[in-house]
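The chain contents come next:
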Amino acid sequence: KMKTKLLCEDVFVSYNTSANDPISERDATTPPYTFDDCSGNTQDLITKITKSARQIRLVVIDYAGLSTNPDDIRLFISLNKSIRELVVDIGHKVEVYSRYDLLKNIKILNKFRCR
């Protein structure tokens, strides 16, 4: 779905964490694992974002697919300046948010407080 419907270049999977765990700490102590057609876990995603010279459009499935902690999302976006947009796939449609909106609009951030 991520590559075919949403045209993602890379797909990163975190299977053993909670949606409320700090993004920067996810998968830090989890043993390596592989899934077919997967580029890695959250730590691999962070590495890719940090090293990227390109602007990034981050795509997540559902709001909880990134985090249920709006403060952590704001911190993650602010620290990773290459993230220009966040796309949230909510099944029947996608919602697209700019970096500015994620950093400044509390109404948008509160959508992530969904569990």
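Refer to the structure presented above.
The paragraphs below set out a description of the structure included in this document. (Residues numbered from 1 in each chain as written. Predicted model: local features only at pLDDT ≥ 70, side-chain atom pairs only at ≥ 80, totals over all residues. Heavy atoms only, no water.)

## A short note on the environment of Asp101
You can see Asp101 is positioned in helix α3 (residues 99–104). Sequence-wise, Asp101 and Leu86 are 15 residues apart; in three dimensions their C-alpha atoms are separated by 9.8 Å. (Helix = DSSP H or I, 4+ residues; strand = E, 2+ residues; numbered from the N terminus.)

## A closer look at the side chain of Asp89
Within the secondary structure layout, Asp89 lies in strand β2 (residues 83–89). Judged by relative accessible area, Asp89 falls into the buried class, the value being 1%. Of the polar contacts made by the side chain of Asp89, one reaches the backbone nitrogen of Gly91; its length is 2.8 Å. (Buried < 20%, exposed > 50% of the residue type's maximum accessible area, 1.4 Å probe, protein only. Polar contact = N/O pair within 3.5 Å; in protein donor to acceptor, adjacent residues only side chain to side chain.)

## Re the sheet that holds β2
A sheet is described by the order of its strands in space; here 3 strands give the open sequence β1-β2-β3, paired in mixed fashion. Of all the strands in the sheet, the pair left with one neighbour each is β1 (56–61) and β3 (94–98). On average, each strand axis in the sheet is tilted by 20° relative to the strand beside it, whichever way the strands run. Across 6 bridges, β1 lies against β2 in parallel orientation. Among the inter-strand pairings, Val60 is bridged to a residue of β2, identified as Val88. (Pairing = 2+ DSSP bridges. Axes fitted to C-alpha atoms, helices over the stretch in contact; angles between N-to-C directions.)

## As for the pattern of salt bridges
Inspection of every chain in the model, using the stated rule, returns 5 salt bridges. Glu9 is paired through a salt bridge with Arg54; the nearest N and O atoms lie 3.0 Å apart. Here Glu9 is found in the segment before α1 (42–51), whereas its partner Arg54 is found in the loop between α1 and β1, with 45 residues between them in sequence. Pair check on accessibility: Glu9 and Arg54 agree, each one exposed. Ionic pairing is found between Lys111 and Glu95, a salt bridge with its closest N-O pair at 3.5 Å. Remark: Glu95 occurs in strand β3 and Lys111 occurs in the segment after α4 (106–110); sequence separation between them is 16 residues. You can call Glu95 buried: its relative accessible area is 16%. Shared partners join several salt bridges into a network, and the residues in it are Lys93, Glu95 and Lys111. (Salt bridge = Lys/Arg side-chain N within 4 Å of Asp/Glu carboxyl O.)

## Focus on the nonpolar core
If you look at the biggest cluster of nonpolar residues, it comprises 20 residues, and the most contacted ones within it are Leu58, Leu66, Phe76, Leu86, Val88, Leu102 and Phe112. Excluding residues that lie within four positions of it along the chain, Phe112 makes contacts with Tyr63, Leu66, Ser67, Thr68, Ile73, Leu86, Val88 and Leu102. Residues Met2, Leu6, Val11 and Val87 belong to the second largest nonpolar core, which totals 6 residues. (Core = buried A, V, L, I, M, F, W, Y, C linked by side-chain atoms within 4.5 Å. Contact = heavy atoms within 4.5 Å.)

## So, the packing of aromatic side chains
All told, the structure shown has 2 aromatic pairs when counted by the stated rule. Note on Tyr63 and Tyr97: the rings are 6.4 Å apart at their centroids and 45° apart in plane angle, and the pair reads as tilted. Of the two residues, Tyr63 sits in the loop between β1 and α2 (70–79) while Tyr97 sits in strand β3, which places them 34 residues apart along the sequence. For the pair shown, Tyr63 and Tyr97 are each scored as buried. Residue classification places Tyr63 among the buried positions, given a relative accessible area of 9%. (Phe/Tyr/Trp six-rings, centres within 6.5 Å; stacked < 30°, edge-to-face > 60°.)

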